[in-house]
Amino acid sequence: MIATIPYIENKFQEYNELIFDGKLPELPIKLSKAKTSLGQLAFKRRRTWYGRTVYSDFRLRVSTHFDLPENELEDIIIHEMIHYYIFVNRLKDKSAHGPLFRQMMKDTNIRYGRNISISRKQKELTTATQ
Ligand SMILES: [Zn+2]
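Cut-offs and rules
- Along each chain, residues carry numbers from 1 onward, in the same order as the chain's sequence is written.
- Since the coordinates come from a predicted model, pLDDT governs what is reported: local features require at least 70, and pairs of side-chain atoms require 80 or more to be given and counted, while whole-chain, interface and lining totals use all residues.
- Side-chain measures here rest on the full set of heavy atoms in the structure, leaving out hydrogens and waters.
- Strands here are runs of E lasting at least two residues and helices are runs of H or I lasting at least four, both read from the DSSP assignment and numbered beginning at the N terminus.
- In this description the radius of gyration comes from C-alpha coordinates, and the expected globular size is given by 2.2 Å times residues to the power 0.38.
- Residue exposure (1.4 Å probe, protein chains only): buried if accessible area is under 20% of the type maximum, exposed if over 50%, otherwise partly exposed.
- Note on contacts: a residue pair qualifies if any of its non-hydrogen atoms lie within 4.5 Å across the two residues.
- Every accessible area reported is derived by Shrake-Rupley at a probe size of 1.4 Å, with residue values counting cover from the shown protein chains alone.
- Two aromatic rings from Phe, Tyr or Trp, using only the six-membered ring of Trp, form a pair when their centres are within 6.5 Å; if the ring planes differ by under 30 degrees the pair is stacked, by over 60 it is edge-to-face, and anything between is tilted.

Caption draft 1: Looking closely at the overall build of the protein chain. For the protein chain, the count of helices and strands is three helices and four strands. Helices (α) and strands (β) of the protein chain occur, in sequence order from the N terminus, as α-β-β-β-α-α-β. Against the 2.2 N^0.38 benchmark of 14 Å for 130 residues, the protein chain shows a C-alpha radius of gyration of 14 Å, consistent with a compact globule. Dimensions of the protein chain, computed from the C-alpha atoms along their principal axes, are close to 45 × 30 × 25 Å. Within the span of the protein chain, comprising 130 residues, buried residues form 39% of the whole. Long-range pairs, those at least 24 residues apart, make up 66% of the contacts in the protein chain between residues at least 6 apart in sequence. Carbon together with sulfur atoms contributes 50% to the accessible area of the protein chain, which is approximately 7,900 Å² in total.

Structural data, given as structure tokens:
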């Protein structure tokens, strides 16, 4: 199936309640034509004068370039939600798909029978410096 905004919004709410305890703030959802990544979490990053990194303006983008089985599309949405959870809670990880991300992904796969994976394409987290 091809993603639509209402579909992604529904899934976001459903998995927010089911997996993330309803703790993820709503964010704008956009469709893209990206061929290199299925899902993207876009955000702005800036440093405060005292050196703290602040993330803001999160957007979830899902590509409509691919016609995927529904469970794969769901896994992509959850994958991006794990990134979002790590940012929102200011958790530290060594890299975008570091040990914390991998642990959360593994736990979610086991607990909810998912098949979330790490994309081979690394262009997935997009930052725009403010
Ligand atoms: Zn990722």
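Caption draft 2: View of the packing of aromatic side chains. Inspection of the entire model under this criterion finds nine aromatic pairs. An aromatic cluster of at least three residues, connected via ring pairs, comprises F12, F43, Y55, F58, Y84 and F87.

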